[in-house]
Amino acid sequence: MKAHEYQARDLLAKAGVAVPPAIVVDTPEQAAEAFKKLNAPLAVVKAQVHAGGRGKGGGVKLVRSAEEAKSVAQTILSKPLITPQTGPAGVPVKKLLVAAGVDIKKEYYVALAVDRAVNAPVLIASSEGGVEIEEVAKNHPEKIIRVTIDPALGLQAYQARKIAYKLGFVGDQIKQAIDIMTKLAAVFVKTDSSLAEINPLIVTPPSAGKPDGEVLALDAKFNFDDNALFRQKDIAAMADPSETNELELAAQKHNLNYIKLDGEIGCLVNGAGLAMATMDLIKLHGSEPANFLDVGGGATEEAVTEAFRIILADPSVKGVLVNIFGGIMKCDIVAQAIVNAAKLVGFKVPLVVRLEGTNVQPAREILKNAAKDIPMLQAATDLTDAAKKIVAAVKGKR
Ligand code: GDP
Ligand code: MN
């Protein structure tokens, strides 16, 4: 599960990390009001969407007056935001954050993630933070610091100090940076995060009484472990369903594992391994899967009906391949469920069904007899046959 920037900033602020004040709004008028309320000469209007790279896509703008805040808010809210992380269609923007703007002397990057190779959290940091961090990671990997954290001990003082020095913090900045890293690491563990990132972490120019400037978090991003949400009620309450694909939400409701992909063939499968194999064979025979839909071991008639509805609601689906192994469920029951569901939902695209396992013979009879009612239906003898048939049917229609 992902959080919005404003929620991530709240988490950090609650943990005692210095974050500039900010107000969430959803209209241009409210943005102007927020600018006045912040009472700062500079503010940042920021699109609140789950995708990153907003700065590059025009979703983060500095403003110097209430009028400017209003017009910038109008512009950002009026069209989908396209960033390097959204895909070409972009994502709708419904909320903005108006944050007090600060002057930046230098931008840094600091994050915690789970390093699966060593089964431990890892702190990742760089003195080259900001919107180009992906480029830095790619072209200058030596500028990225990685420190493994003992899961039982957490980020230790000596580790944080060493990182702060390596990043080039000086004077009072060192203390501030250590404090922020320590708190970030603690929030990461406490909230069952899979990613907790501050980018940029910044140092402000020197000011009266602060010759070394101030270390502040200007942007934050958290991803949480879905499997831990049962014990993270406050985190779970932060979920924004409007940021999740509608069909994925419908699938969640019916306990189906559905992932939208970019191809043209819908896959209705039971079991993740079978789904992988099915997608591989679709690719091998010259097409691309439009989704990954796993109805699970049970594959009841209701689940299959709902799965068909979800798959067919996606306009990019030009054909559907059903590949079910009757282990827990008997194939004849599954076949009947498929036939009933197909009749109920109504098929306008080719449907190829491959069943294998217990009671497969009566299942094939059921499919054969159903062909007259569902002309789009073809039965397949094995997975290769099924993949070839659906790809041919889809290509033939073009
Ligand atoms: P992202 O592009 O989605 O990661 O959005 P960020 O919140 O990180 O903003 C992108 C960039 O905008 C930052 O790297 C900064 O360079 C700039 N920025 C954000 N907030 C401020 C601010 O208060 N003052 C100034 N001067 N620049 C800012
Ligand atoms: Mn950022």
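Description of the structure in this document. (Residues numbered from 1 in each chain as written. Chains lettered and ligands numbered in written order. Predicted model: local features only at pLDDT ≥ 70, side-chain atom pairs only at ≥ 80, totals over all residues. Heavy atoms only, no water.)

1. A look at the environment of Ser78
Now for step 1: Looking at the element boundaries, Ser78 is found in helix H3 (residues 66–78).
Now for step 2: Ser78 sits 89 residues away from Leu167 along the chain, and the two C-alpha atoms are 40 Å apart. (Helix = DSSP H or I, 4+ residues; strand = E, 2+ residues; numbered from the N terminus.)

2. Quick look at H3
Now for step 1: Compared with the 18 Å implied by 1.5 Å per residue over 13 residues, the 18 Å span of H3 between its first and last C-alpha is a close match.
Now for step 2: Listing the buried residues of H3 in full gives Ala66, Ala69, Val72, Ala73 and Ile76. The buried residues of H3 occupy one face: seen down the axis, they fall within an arc of 125°. When the buried face of H3 is taken as reference, the exposed residues oriented beyond 90 degrees from it are Glu67 and Ser78.
Now for step 3: Turning to H3, the residues buried within the fold contact helix H2 (28–38), strand S2 (43–47), strand S3 (60–63) and strand S4 (96–100). (Expected span 1.5 Å × (residues − 1). Buried < 20%, exposed > 50% of the residue type's maximum accessible area, 1.4 Å probe, protein only. Arc of directions from axis to C-beta. Contact = heavy atoms within 4.5 Å.)

3. Thoughts on the pairing of strand S16 (residues 377–380)
Looking along a regular strand, one sees side chains alternate from face to face of the sheet.
Now for step 1: Here strand S15 (residues 351–357) runs beside S16; their pairing, made up of four bridges, is parallel. Paired with Val353 across the bridge in S16 is Ala379.
Now for step 2: Viewed along the sheet, the connection from S15 through helix H12 (residues 360–370) into S16 turns out right-handed. (Pairing = 2+ DSSP bridges. Right-handed = clockwise from strand over helix to strand, strands pointing away.)

4. Here's the deal with the packing of aromatic side chains
Now for step 1: Per the counting criterion, the structure on display carries three aromatic pairs.
Now for step 2: With a centroid separation of 5.8 Å and 10° between ring planes, the pair formed by Phe222 and Phe224 is classed as stacked. Residues Phe222 and Phe224 agree in their burial class; the two are buried.
Now for step 3: Between Lys106 and the ring centre of Tyr108, over which it is positioned, the NZ or CZ distance is 5.4 Å. (Phe/Tyr/Trp six-rings, centres within 6.5 Å; stacked < 30°, edge-to-face > 60°. Lys NZ or Arg CZ within 6 Å of the ring centre and 35° of its normal.)

5. A closer look at the site of ligand 1
Now for step 1: The local shell around ligand 1 holds 17 residues, among which Lys46, Arg54, Gly55, Val102 and Glu107 are the closest.
Now for step 2: Within the side chain of Lys46, one N or O atom sits 2.6 Å away from an oxygen atom of ligand 1.
Now for step 3: The contact in question runs from a nitrogen atom of ligand 1 to an N or O atom on the backbone of Val102, over 2.7 Å.
Now for step 4: In the complex, the protein chains occlude 84% of the 570 Å² of accessible area that ligand 1 would expose alone.
Now for step 5: Mapped onto the shell around ligand 1, the elements with two or more residues apiece are S2, S3 and strand S8 (193–203). (Near = heavy atom within 4 Å. Polar contact = N/O pair within 3.5 Å; in protein donor to acceptor, adjacent residues only side chain to side chain. Areas by Shrake-Rupley, 256 points an atom, 1.4 Å probe, with all protein chains shown as cover.)

6. Observations regarding helix H11 (residues 331–345)
Every α-helical turn comprises 3.6 residues, leaving residues that sit three or four positions apart pointing alike.
Now for step 1: An ideal rise of 1.5 Å per residue puts 21 Å on 15 residues; H11 measures up with 20 Å between its terminal C-alpha atoms.
Now for step 2: Among all positions of H11, only Cys331, Asp332, Val334, Ala335, Ala337, Ile338, Val339, Ala341 and Ala342 are buried.
Now for step 3: Taken together, the buried residues of H11 touch helix H10 (301–312), strand S14 (319–326), S15 and H12.
Now for step 4: Where H11 terminates, the next one or two residues include Gly346, which has phi positive at roughly 85°.

7. Notes on the coordination of the manganese ion (ligand 2)
Now for step 1: In this structure, Asn199 (O) and Asp219 (OD) serve as the protein donors to the manganese ion (ligand 2), at separations of 2.2 Å. Remark: Asp219 occurs in the loop between strand S9 (215–217) and strand S10 (220–224) and Asn199 occurs in strand S8; sequence separation between them is 20 residues. Of the two residues examined, Asn199 and Asp219, each falls in the buried class. (Donors = N, O, S within 2.8 Å, 3.2 Å for Na, K, Ca; no water.)

8. Description of the packing of H10 against H11
Now for step 1: For the pair H10 and H11, interaxial distance at closest approach is 9 Å and the crossing angle is 45°. Of the possible angle classes, the one that applies to H10 and H11 is oblique. Both H10 and H11 take part in a crossing whose hand is right-handed. Residues Glu301, Val304, Thr305, Phe308, Arg309 and Leu312 of H10 touch H11, and the partners they reach there are Ala337, Ile338, Asn340, Ala341, Ala342, Leu344 and Val345.
Now for step 2: Considering only residue class, the contact of H10 with H11 consists of nine nonpolar, two polar and two charged. (Axes fitted to C-alpha atoms, helices over the stretch in contact; angles between N-to-C directions. Parallel < 35°, antiparallel > 145°, perpendicular 65-115°, else oblique. Left-handed = near helix turned anticlockwise from the far one by under 90°. Nonpolar A, V, L, I, M, F, W, Y, C, P; charged D, E, K, R; others polar.)

9. With respect to the nonpolar core
Now for step 1: In terms of nonpolar packing, the biggest core is built from 42 residues, with Leu12, Leu123, Phe169, Phe222 and Phe224 touching the most fellow members.
Now for step 2: Broken down by element, this core gets its largest block of residues, nine residues, from helix H6 (residues 172–190).
Now for step 3: Setting aside chain neighbours within four positions, we find Phe224 in contact with Met1, Ala3, Leu11, Thr191, Asp192, Ser193, Ser194, Leu229, Ile235 and Met238.
Now for step 4: In terms of nonpolar packing, the next biggest core, distinct from the first, is built from 37 residues, Tyr258, Val322, Cys331 and Leu355 among them. (Core = buried A, V, L, I, M, F, W, Y, C linked by side-chain atoms within 4.5 Å.)

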